[in-house]
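Remarks on the overall topology
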Amino acid sequence: MIGREREMEQLQKLSGSGSFEFLVMYGRRRVGKTTILQEFSRDHDVIFYSAQEKNDSLNLQDFSKSLQLHFDKQFIAPFTSWENALSYITNKTVERKTILIIDEFPFMAGPNPSIKSIFQHEIDHHWKYLNLLLILCGSSVSFMVNDVMGYKSPLYGRATSSMEVQPFDYYDSARFFSGYSIEEKLIAYGILGGIPRYLNEFSDKRSIRENLKQKILENGSFLNDEPLMFLRMELREPVIYNSILEAISRGYNKVTKIADCIHEDKSKCSKYISTLQTIRLIEKRVPCGEPENGKRTIYALTDNFYRFWYFYIFTNKSYYELLGASDAADEIMDNISDFMGLAFEDICRQYLIRQAKLRKLPFVPAYIGKWWGNNPAIRAQDDIDLLALDKNRTEGIFCECKFKNRPMPMEEYDDLIIAAQAFPDSMKKHFVFISKSGFTAPVQRRATDEGTVLLTAEDLFFHD
């Protein structure tokens, strides 16, 4: 299994504690939660129950069968109540360790909200004294956060640990494509993002173009309509959500601009945007170093594949069907470097985070991200692709990120130096340029003279 070492380490630690542990595990669909739990289960004696969208009595029947087959190797009859089922676990755990994993817990607790109280009662009166590991897992992030861990939930305060399974970053995503060049690995991540289910659709035995054609553009392929299917599973009114996601993918990133673009009321848009944040499809961003409730808030898609899909497929679906999958793939690849701009900035941010964890930066950043705002030096609005600040804002790393098919010229070097003038002269400033295609000779000479760091795409994958 690729890239889940931290998650597996946490599960191993919990299972070996020798006392009661309760893990709440969650993350958006397709992110690989079930795969992690299945991998963990291979080396442990577990009860693994996957709840389904059934009524309460059928879920109880299936759960009863899982318990009895695990403990007694035979199924006799369903328990008459959830209380009896959990009491059965308690009695069996007195003599042995029990690991109980319930996948998609919202499907179990949704039809019968009292199940949360039943679990709470068993935990408080019996399980907290036993050698038992309980894992409740769910794809409905809002349900797991609010209805399981929230302060109004009967289970509030019972969990001993939580785990939000995140998409892979660029580095671990690249491990899916060992046969690709560095540039191809970055483009694959820019298109697919870090969701394992999506990454598995592409093969490094085929070119990016051929993967686009077969796995995204051709009707009937899994990725061709995956975002629509996801929204239909998660949300009641996908039409408005589709419009919001398309608007953001095309650069309308403020609530007012989004509302104007899709011709909806601003307050209504805010409500829908909040829901999209909850299911981890978009996130709120402010200029690096500014408070989260700042006035210059914008919204961005968190998932590369959704940004790609809404920018290309959703907008041009009828046109691509007339053009044909092969020619559509050619057209997309012709300007993929332009599309990769935002994705590459995020890749560079992830690189700095990795370097910070390895203590290879001049300082450990307290703030890291894009910056935009007024630059008094030029009396105009300016921006910085990537900025990292220490906790006192007395030291900063100023970074320019370029995914172009030409070496970076001096003009872009100068642009960053000028943008940095928006920050105090007293600040200690470190300059970093990351360019996919390298740098012109004058830039290389100047960087040597001024102690500026120049990195290429290959450097993003190099670790001492």
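Details of the structure are given in the entry above.
What comes next is a walk through the structure.

Description of the overall build of the protein
For the protein, the helix and strand inventory stands at 20 helices and twelve strands. Scaling as 2.2 N^0.38, a compact globule of 464 residues should have a C-alpha radius of gyration of about 23 Å, and the protein matches this with 25 Å. A principal-axis box enclosing the C-alpha atoms of the protein has dimensions of 80 × 55 × 50 Å. By sequence separation, contacts in the protein at least 24 residues apart represent 66% of the contacts at least 6 residues apart. Looking at the protein as shown, the accessible area adds up to about 21,500 Å², and 47% of this sits on carbon and sulfur atoms. Computing the positive centroid from 58 side-chain charges and the negative centroid from 63, the protein places the two 3 Å apart.

Here we look at the state of the cysteines
Applying the stated criterion across every chain, the model contains zero disulfides. The thiol sulfur of Cys-261 is not disulfide-bonded, and the nearest other cysteine sulfur, from Cys-269, lies at 9.3 Å. The class for Cys-261 is partly exposed, based on a relative accessible area of 31%. Cys-399 forms no disulfide, and the closest cysteine sulfur to it belongs to Cys-401, at a distance of 3.9 Å.

So, empty space enclosed by the protein
Scanning all chains against the criterion turns up one cavity of 30 Å³ or more. As a volume, the largest cavity reaches approximately 30 Å³. Lining the largest cavity, in full, are Arg-28, Arg-29, Ser-139, Ser-140, Val-141, Phe-230, Glu-234 and Ile-279. When its residues are assigned to classes, the lining of the largest cavity shows three nonpolar, two polar and three charged.

Notes on the packing of aromatic side chains
Here the structure, examined in full by the defined rule, presents 32 aromatic pairs. The aromatic ring of Phe-311 is capped on one face by Arg-250, whose charged end is 4.8 Å from the ring centroid. Over the aromatic face of Phe-403 sits the side chain of Lys-436, whose NZ or CZ is 4.7 Å from the ring centroid.

Describing the layout of surface pockets
Computed from the structure, the second largest pocket encloses a volume of approximately 420 Å³. Taken together, 16 residues make up the lining of the second largest pocket; nearest its centre are Arg-29, Ser-140, Met-233, Glu-234 and Leu-235. Within the residue set of the lining of the second largest pocket, elements represented by two or more residues are helix H5 (105-109), helix H7 (141-148), helix H12 (226-234) and helix H15 (266-278). Take the lining of the second largest pocket: its biggest share by element is three residues, from H12. Tallied by class, the residues present in the lining of the second largest pocket amount to six nonpolar, four polar and six charged.

Comments concerning the sheet that holds strand E4 (residues 132-138)
Reading across from one edge, E2-E3-E4-E1-E5 is the order of the five strands in this open sheet, with parallel pairing throughout. The open sheet is flanked by strand E2 (47-50) and strand E5 (161-164), the only strands paired with a single partner. In this sheet, neighbouring strand axes are inclined to one another by 15° on average, regardless of whether the strands run parallel or antiparallel. For strand E1 (residues 21-26) and E5, the ladder comprises four bridges, and the chain directions are parallel. Across the sheet, the residue bridging to Leu-23 is Ser-161, located in E5. Taken strand by strand, H7 contacts E1 and E4, and its axis lies near 145° from that of E1.

Observations concerning the pattern of salt bridges
Scanning the entire structure with this criterion turns up 34 salt bridges. Here Glu-234 makes a salt bridge to Arg-29, at a shortest N to O gap of 2.6 Å. Taken together, the residues Glu-234 in helix H12 and Arg-29 in the loop between E1 and helix H2 (33-42) connect sequence positions 205 residues apart. Put simply, Asp-172 and Arg-175 hold a salt bridge, and the shortest N to O gap is 2.9 Å. The class for Arg-175 is partly exposed, based on a relative accessible area of 38%. Each of the salt bridges in this network shares a partner with another, and the network as a whole consists of Glu-5, Asp-169, Asp-172, Arg-175 and Arg-354.

A look at unusual backbone geometry
Generally, phi is negative for residues other than glycine and the peptide bonds are trans, each holding for most cases. Backbone geometry at Glu-104 places phi at a positive 55°, although glycine is not the residue there. Mapped onto the secondary structure, Glu-104 falls in the loop between strand E3 (98-103) and H5. Residues other than glycine seldom take positive phi values, yet Arg-359 does so here, at roughly 60°. Among the residues examined, Arg-359 registers a relative accessible area of 61% and is labelled exposed.

Definitions and cut-offs
Residues numbered from 1 in each chain as written. Predicted model: local features only at pLDDT ≥ 70, side-chain atom pairs only at ≥ 80, totals over all residues. Heavy atoms only, no water. Helix = DSSP H or I, 4+ residues; strand = E, 2+ residues; numbered from the N terminus. Rg over C-alpha atoms; globule rule 2.2 N^0.38 Å. Contact = heavy atoms within 4.5 Å. Areas by Shrake-Rupley, 256 points an atom, 1.4 Å probe, with all protein chains shown as cover. Lys, Arg positive; Asp, Glu negative; His and termini not counted. Charge placed at Lys NZ, Arg CZ, Asp CG, Glu CD. Disulfide = S-S within 2.5 Å. Buried < 20%, exposed > 50% of the residue type's maximum accessible area, 1.4 Å probe, protein only. 1 Å grid on protein atoms, 1.4 Å probe; cavity = no way out; pocket = protein on both sides within 12 Å on 5 of 7 lines; lining within 4 Å. Points joined across faces, edges and corners; volume = space filled by probe spheres on them. Nonpolar A, V, L, I, M, F, W, Y, C, P; charged D, E, K, R; others polar. Phe/Tyr/Trp six-rings, centres within 6.5 Å; stacked < 30°, edge-to-face > 60°. Lys NZ or Arg CZ within 6 Å of the ring centre and 35° of its normal. Pairing = 2+ DSSP bridges. Axes fitted to C-alpha atoms, helices over the stretch in contact; angles between N-to-C directions. Salt bridge = Lys/Arg side-chain N within 4 Å of Asp/Glu carboxyl O.

No statement about biological role is implied by the geometric values presented.
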